[in-house]
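Structural overview
Residue-level listing of the chains:
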Amino acid sequence: QKEVEQDPGPLSVPEGAIVSLNCTYSNSAFQYFMWYRQYSRKGPELLMYTYSSGNKEDGRFTAQVDKSSKYISLFIRDSQPSDSATYLCAMRQGGSEKLVFGKGTKLTVNP
Amino acid sequence: DTGVSQNPRHKITKRGQNVTFRCDPISEHNRLYWYRQTLGQGPEFLTYFQNEAQLEKSRLLSDRFSAERPKGSFSTLEIQRTEQGDSAMYLCASSSGAGRDTQYFGPGTRLTVL
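Since the model is a prediction, treat every value here as computed from it, not as a measurement.

**Some details on the sheet that holds strand β3 (residues 19–24) of chain B**
Pairing between sheet strands relies on hydrogen bonds along the backbone, with the strands arranged either parallel or antiparallel. Residues and elements named next belong to chain B. Here we have four strands laid out as an open sheet, ordered β1-β3-β8-β7, and antiparallel in their pairing. Of all the strands in the sheet, the pair left with one neighbour each is β1 (5–7) and β7 (65–68). Shown here is a sheet whose adjacent strand axes are inclined to one another by a mean of 15°, direction ignored. For β1 and β3, the ladder comprises three bridges, and the chain directions are antiparallel. Within β3, the position partnered with Q6 by the bridge is C23.

Pasting the structure below:
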């Protein structure tokens with residue numbers, strides 16, 4: 001079993017839809033949780049960063065962390081064609097610099 | 001542009017050749033990381049530096065791989081005797097190391113080994 005599991009999709013939604021992306025993990029020592037967006041053949045771009053459990057909102061994006069279930073989510077409201085990309089979850093333990101990534105979910109938002 | 005920069009952006013080489021990649025981190029970031037990403041996978045951690053000290057290395061970093069950060073600024077990643085399995089995107093990231101700061105990635109160097 002991989003430390004971080006993420007459904008690779010692909011996920012295709014119409015413009016304006018609410019998108020839900022998620023990851024599960026097995027290592028209860030993970031404390032820092034991130035979502036990155038990666039366009040084709042580009043480097044990952046940080047979207048959201050959450051420490052421990054709870055919710056965080058930034059514009060159209062909401063990140064949720066449920067440490068009791070070892071489950072994290074990213075919601076995108078009013079999705080736009082420009083949101084079409086691969087979304088990567090990442091996490092790390094306190095005291096470690098190593099980010100552990102999911103496989104990424106490929107999202108397409110159709111106009 | 002004050003982000004992480006990487007050169008070259010693309011490298012095509014023949015099996016058995018040596019290649020070297022360069023990463024320039026965000027100014028004043030004292031931590032620098034190397035990751036490798038293959039098609040359809042998330043990035044995998046290779047190694048990281050705090051200033052010039054290499055503090056952690058993954059088991060993925062075979063003895064054909066060597067990374068340096070001689071003056072605590074830019075870093076190089078060298079792959080000796082390249083193999084077809086080395087074909088991947090090599091990503092560099094940096095962070096300030098302050099509190100809960102996270103890692104900011106560069107555009108990557110795409111390596112193709114023929």
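**Focus on the interface of chain B and chain A**
One frequent convention defines the size of an interface as the accessible area lost when the parts assemble. The partner chain A presents 21 residues to the 24 residues of chain B that form the contact. A buried area of about 1,800 Å², summed over both sides, lies between chain B and chain A, and 51% of it is on carbon and sulfur atoms. Counting across the chain B and chain A interface gives one salt bridge. Put simply, E97 of chain A and R31 of chain B hold a salt bridge, and the shortest N to O gap is 2.5 Å. There are six residue pairs in polar contact (both at pLDDT 80 or more) connecting chain B and chain A. At the level of secondary structure, the elements contributing two or more residues to the side of chain B that touches chain A comprise β4 (31–37), β5 (44–50), β9 (88–95) and β10 (104–105) of chain B. Take the side of chain B that touches chain A: its biggest share by element is four residues, from β4 of chain B. When the residues that make up the side of chain B that touches chain A are grouped by side-chain class, the tally is ten nonpolar, eight polar and six charged.

Cut-offs applied
Residues numbered from 1 in each chain as written. Chains lettered and ligands numbered in written order. Predicted model: local features only at pLDDT ≥ 70, side-chain atom pairs only at ≥ 80, totals over all residues. Heavy atoms only, no water. Pairing = 2+ DSSP bridges. Helix = DSSP H or I, 4+ residues; strand = E, 2+ residues; numbered from the N terminus. Axes fitted to C-alpha atoms, helices over the stretch in contact; angles between N-to-C directions. Contact = heavy atoms within 4.5 Å. Buried area = accessible area lost by both parts, 1.4 Å probe. Salt bridge = Lys/Arg side-chain N within 4 Å of Asp/Glu carboxyl O. Polar contact = N/O pair within 3.5 Å; in protein donor to acceptor, adjacent residues only side chain to side chain. Nonpolar A, V, L, I, M, F, W, Y, C, P; charged D, E, K, R; others polar.

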